[in-house]
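# Results of the structural survey
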Amino acid sequence: MGSKASCPASAPPLLVVGGYGLVGEQVSRLLRRRHPDLPLLLGGRHPERARGLAASIGASTVAIDVKVKQPLASLAEHPAAVLAAVSDPGDHLLVDAMRRGIPIADINRAGHANILDVAVAAARERPSAAVLLSGSWLAGLSALMAAAAVRELGQAERVDISALASSDDRVGPDSWGFSDRLAWPYYAMHLGKRHPAHPLTGLRHVRCADGRERPAALVGTLEQTTLPLTLGVPTVETRMALQSAVALYGLVGLKRSGALRALARPALRRIRAALLERPGTGDFAGITVTAEGPTRSVSVDLLDTRGQAHLSAIGAACAAERVLGPGLPAGISFPEQYAEPAADIEMLREAGVMVRLTGFTGNIPRPQHRDVMSLRAAREEVA
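Residues numbered from 1 in each chain as written. Predicted model: local features only at pLDDT ≥ 70, side-chain atom pairs only at ≥ 80, totals over all residues. Heavy atoms only, no water.

### With respect to the sheet that holds strand S10 (residues 204–207)
- If you walk across this open sheet you meet the seven strands as S10-S11-S12-S7-S13-S14-S16, and the pairing is mixed. Strand pairing shows two members of the sheet lacking a second neighbour, S10 and strand S16 (354–358), which therefore form its edges. Taken over all neighbouring pairs, the strand axes of this sheet differ in orientation by 25 degrees on average, direction set aside.
- Sitting on the sheet, helix H12 (residues 341–350) is in contact with strand S14 (297–304) and S16, with an inclination near 140 degrees to S16. (Pairing = 2+ DSSP bridges. Helix = DSSP H or I, 4+ residues; strand = E, 2+ residues; numbered from the N terminus. Axes fitted to C-alpha atoms, helices over the stretch in contact; angles between N-to-C directions. Contact = heavy atoms within 4.5 Å.)

### Topic: the confidence of the model for the protein
- When pLDDT is averaged along the protein, the result is 89, and 86% of the positions lie at 70 or above.
- Within the model, the stretch residues 1–9 combines pLDDT values under 50 with 21 contacts to residues more than four positions away or in other chains. (pLDDT = per-residue confidence, 0-100.)

### Points about the packing of helix H11 (residues 308–324) against H12
- H12 packs onto H11 with a crossing angle of 140 degrees between their chain directions and a minimal axis gap of 11 Å. One element, H11, and the other, H12, form an angle in the oblique class. Seen from above, H11 lies across H12 with right-handed handedness. Listed contacts from H12 to Leu-311, Ile-314, Ala-317, Cys-318, Glu-321 and Arg-322 of H11 are Asp-344, Met-347 and Leu-348.
- Classifying every residue of the contact of H11 with H12 by side-chain character gives six nonpolar, no polar and three charged. (Parallel < 35°, antiparallel > 145°, perpendicular 65-115°, else oblique. Left-handed = near helix turned anticlockwise from the far one by under 90°. Nonpolar A, V, L, I, M, F, W, Y, C, P; charged D, E, K, R; others polar.)

### A look at the sheet that holds strand S1 (residues 14–17)
- Taking strand neighbours across the sheet as the criterion, the seven strands line up as S3-S2-S1-S4-S5-S6-S15 in an open arrangement whose pairing is parallel. Since the sheet does not close on itself, it has two edges, and those belong to strand S3 (60–63) and strand S15 (331–333), each with one partner. On average, adjacent strands in this sheet sit at an angle of 20 degrees to one another, irrespective of strand direction.
- Two elements, strand S4 (residues 81–84) and strand S5 (residues 104–106), share three bridges in a ladder whose sense is parallel. The partner of Leu-83 across the bridge, within S5, is Ala-105.

### Here's the deal with the packing of helix H1 (residues 22–34) against H11
- Taken N-terminus to C-terminus, the directions of H1 and H11 make an angle of 55 degrees; their axes are 8 Å apart at the nearest point. With respect to H11, the axis of H1 lies oblique. Crossing hand, H1 versus H11: right-handed. Residues Leu-22, Val-23, Gln-26, Val-27, Leu-30, Leu-31 and Arg-34 of H1 form the contact with H11, whose own contacting residues are Ala-309, His-310, Ser-312, Ala-313, Ile-314, Ala-316, Ala-317, Ala-320 and Glu-321.

### What to know about H12
- By the criterion of burial, H12 is predominantly enclosed, with eight of the ten residues buried.
- Inspection of H12 places Pro-341, Ala-342, Ala-343, Asp-344, Ile-345, Glu-346, Met-347 and Leu-348 among the buried residues, and these make up the whole buried set.
- Structurally, H12 contributes buried residues whose contacts are with H1, helix H5 (141–153), S14, H11 and S16.
- Remark: Gly-352 follows H12 within two positions and exhibits a positive phi of approximately 90 degrees. (Buried < 20%, exposed > 50% of the residue type's maximum accessible area, 1.4 Å probe, protein only.)

### With respect to the side chain of Thr-238
- Considering the arrangement of structural elements, one finds Thr-238 in strand S12 (residues 235–242).
- Here Thr-238 is in contact with Ile-161, Ala-217, Leu-218, Val-219, Thr-221, Glu-223 and Gln-224, once residues within four sequence places are set aside.

### Some words on the pattern of salt bridges
- Going through the model one piece at a time under the given rule, you end up with 20 salt bridges.
- When the shortest N-O distance is used, the salt bridge between Arg-34 and Glu-350 registers 3.0 Å. In this pair, Arg-34 sits in helix H1 while Glu-350 sits in helix H12, placing the two residues 316 residues apart along the sequence.
- The salt bridge involving Asp-88 is made with Arg-109; its shortest N-O contact spans 3.4 Å. In this pair, Asp-88 sits in the loop between S4 and helix H3 (92–100) while Arg-109 sits in the loop between S5 and helix H4 (112–125), placing the two residues 21 residues apart along the sequence.
- Residue class for Asp-88 comes out buried when judged on its relative accessible area of 7%. (Salt bridge = Lys/Arg side-chain N within 4 Å of Asp/Glu carboxyl O.)

### Focus on the environment of Ala-217
- In this structure, Ala-217 sits in strand S11 (residues 213–218).
- Ala-217 sits eleven residues away from Val-206 along the chain, and the two C-alpha atoms are 9.5 Å apart.
- Apart from the residues within four sequence positions on either side, Ala-217 is in contact with Leu-200, Thr-201, Leu-203, Thr-238, Arg-239, Met-240 and Leu-248.

### Focus on the pairing of S1
- A two-sided burial pattern is seen for S1, the buried positions comprising Leu-14 and Val-16 on one face and Leu-15 and Val-17 on the other.
- Pairing of S1 with strand S2 (residues 40–44), which is carried by four bridges, proceeds in the parallel orientation. Bridge pairing links Val-16 to Leu-42 in S2.
- In this view, the connection linking S1 to its parallel neighbour S2 by way of H1 has right-handed handedness.
- Alignment of S1 against S4, held across four bridges, turns out to be parallel. Counted as the bridge partner of Leu-15 is Val-82 from S4. (Right-handed = clockwise from strand over helix to strand, strands pointing away.)

Here it is in structure tokens:
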């Protein structure tokens with residue numbers, strides 16, 4: 001292990017797998033600012049890359065390889081919970097946590113096939129701890145804001161989510177992996193029934209979080225699968241707008257021509273990377289969630305000058321706090337099922353995100369800070 005965490009040796013740590021990547025580093029720093037006494041363990045295939053970060057935030061490091069059958073076998077002690085901030089393509093980390101009874105939050109599991117795999121694994125393993133699947137847009141923020149909007153209305157007939165992104169933003173490989181799904185259909189709920197939908201279709205102008213109207217196209221995201229069932233919303237649609245309309249129309253053109261599917265071939269990997277995986281230097285990002293009820297509608301706008309990775313880090317930190325606390329039951333759950341709108345919005349504001357609420361009857365009350373060490377103690381008392 002690397003540097004020692006400045007916290008009681010008897011308290012098991014939160015293991016952040018991928019805790020030194022683009023999103024993972026920001027999650028780790030955010031959690032340390034919010035919870036000075038929380039033991040943090042930063043894991044990954046190259047823990048030496050995390051030593052500087054670990055020293056600066058009072059964390060420890062450990063080698064974790066999600067490609068081996070039992071990634072958690074080498075740990076000296078069971079962590080209090082696991083936050084998977086990297087992809088787990090073989091489900092090894094997820095299943096290992098299930099078998100060991102360790103709560104886990106996964107922020108990179110969004111496709112229908114991945115969710116089905118988790119459901120089957122959970123039916124087989126019968127997990128005794130929480131499995132929080134927080135892979136909707138921005139590591140679950142889209143689902144949390146949808147829960148806040150629907151709760152304000154009491155009942156919603158539809159939820160529309162408009163994500164504002166930029167091709168100039170700085171994103172990691174897991175965000176690039178999202179482009180792999182743009183070539184293939186997904187299933188969304190419309191008027192209470194599942195229908196196949198095609199990414200980069202359904203173009204229309206939407207109001208974005210910065211107040212500007214932009215063209216936006218449908219994209220396949222996890223909240224379109226879960227919100228109709230967890231919140232009882234008959235219609236849920238998510239669209240993506242890019243700051244450059246030209247860039248969006250370019251993607252739509254690639255989709256319509258069949259080029260996106262062709263680029264999925266291994267032989268064209270370099271061309272695909274050149275077109276769709278160009279690293280940016282940073283740009284702002286945002287999301288607008290609008291819920292429509294029988295008589296009125298409400299919306300939540302989030303705008304972050306530090307970009308998509310920072311927003312995702314906040315969503316991941318929310319997920320980490322949830323699995324560390326006592327509120328989640330054993331088995332699979334999704335962020336919106338246990339949303340705490342006051343605490344979630346306060347966390348966003350504390351992190352410097354611009355939050356605008358429209359149509360709400362009153363200000364969401366200011367909550368107490370979520371102290372995960374106290375939450376953990378409460379969970380242990382319940383156990």
